[in-house]
Amino acid sequence: MKIRPLAQQDIDDVMELMAHGAPYVRPRTASDYWLCANLFSTTCPVAHHDGQLIGAIIAFRSQDNPDDVYLQDVITHPDHRRAGVITALLTAVRERSQLVGARRLYLTSEPDNAAAHATWARRGFTNLPGDQTTNGVAVTSHYKGPGKHRAIYQLHL
Ligand SMILES: CC(C)(COP(=O)(O)OP(=O)(O)OC[C@H]1O[C@@H](n2cnc3c(N)ncnc32)[C@H](O)[C@@H]1OP(=O)(O)O)[C@@H](O)C(=O)NCCC(=O)NCCS
């Protein structure tokens, strides 16, 4: 497996990969990925295996709070899950974030996303306290807008 920053030539493949993430992750527009590849590539690593794009993390360092790096979209191709792909991509994001002086990674997931919950727990993330609990996961109501309840996870660097 090879890990490297997202590049312009990956955009079509990333959109195809993201289509495998439903219902939790969906493709954004080619213009969004152009931004990721050209302005944020070092926090947007992709994983290739035998020439195929098999995983990606789309993350951004906050301009409002430069201590924070937010992981927006995270996906491994269904044929390659539970083989350490996201773990390797997370290491790349973590190393880059530490290098530039960020102090925290954080992300949200949908309350019923058991695979995501297991992944973040295994990788040392804390599920932040919320105002409700779903299947043992702490959830913050309306975090991303009306009706958009989210579990929030963070990892201090
Ligand atoms: C969540 C997701 C990104 C995990 O990617 P992955 O490449 O399979 O993760 P890894 O193989 O690096 O696994 C990380 C750890 O979590 C564990 N894990 C991953 N999926 C799991 C599952 N479904 N159930 C239990 N544990 C799981 C792994 O065993 C591993 O722990 P270990 O190293 O102690 O064995 C993947 O399932 C996915 O793409 N899901 C669809 C999109 C999505 O929901 N994205 C997350 C949005 S927040």
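An unreviewed UniProt entry lists the chain under the name GNAT family N-acetyltransferase, with Amycolatopsis acidicola given as the organism.

Here the chain is partitioned into domain 1 (1–102) and domain 2 (111–157). Counting the surface lost from both domain 1 and domain 2, the interface buries some 870 Å², and carbon and sulfur atoms represent 67% of this. The largest share of the area that domain 1 buries against domain 2 comes from Y24, L90 and R94, three residues that together contribute 50% of it. Applying the counting criterion to the domain 1 and domain 2 interface returns zero salt bridges. Our count for the domain 1 to domain 2 interface comes out at three residue pairs in polar contact (both at pLDDT 80 or more). Of all elements in the fold, only β4 (68–76) and α3 (85–99) reach the threshold of two or more residues within the side of domain 1 that touches domain 2. The residue inventory of the side of domain 1 that touches domain 2, partitioned by class, reads seven nonpolar, four polar and one charged.

Strand order in the open sheet formed by seven strands is β1-β2-β3-β4-β5-β9-β6, with mixed pairing between adjacent strands. Looking along the sheet, the strands with just one partner apiece sit at the ends: β1 (2–5) and β6 (126–127). Here strand β3 (residues 52–61) runs beside β4; their pairing, made up of seven bridges, is antiparallel. Bridge assignment links I58 to a residue of β4, and that residue is D73. The strands touched by α3 are β1, β2 (45–49), β3, β4, β5 (104–109) and β9 (151–156); relative to β3, the strand with the most contacts, the crossing angle is about 35°.

Criteria and cut-off values
- Residues numbered from 1 in each chain as written.
- Predicted model: local features only at pLDDT ≥ 70, side-chain atom pairs only at ≥ 80, totals over all residues.
- Heavy atoms only, no water.
- Domains from an automatic or database assignment.
- Buried area = accessible area lost by both parts, 1.4 Å probe.
- Salt bridge = Lys/Arg side-chain N within 4 Å of Asp/Glu carboxyl O.
- Polar contact = N/O pair within 3.5 Å; in protein donor to acceptor, adjacent residues only side chain to side chain.
- Helix = DSSP H or I, 4+ residues; strand = E, 2+ residues; numbered from the N terminus.
- Nonpolar A, V, L, I, M, F, W, Y, C, P; charged D, E, K, R; others polar.
- Pairing = 2+ DSSP bridges.
- Contact = heavy atoms within 4.5 Å.
- Axes fitted to C-alpha atoms, helices over the stretch in contact; angles between N-to-C directions.

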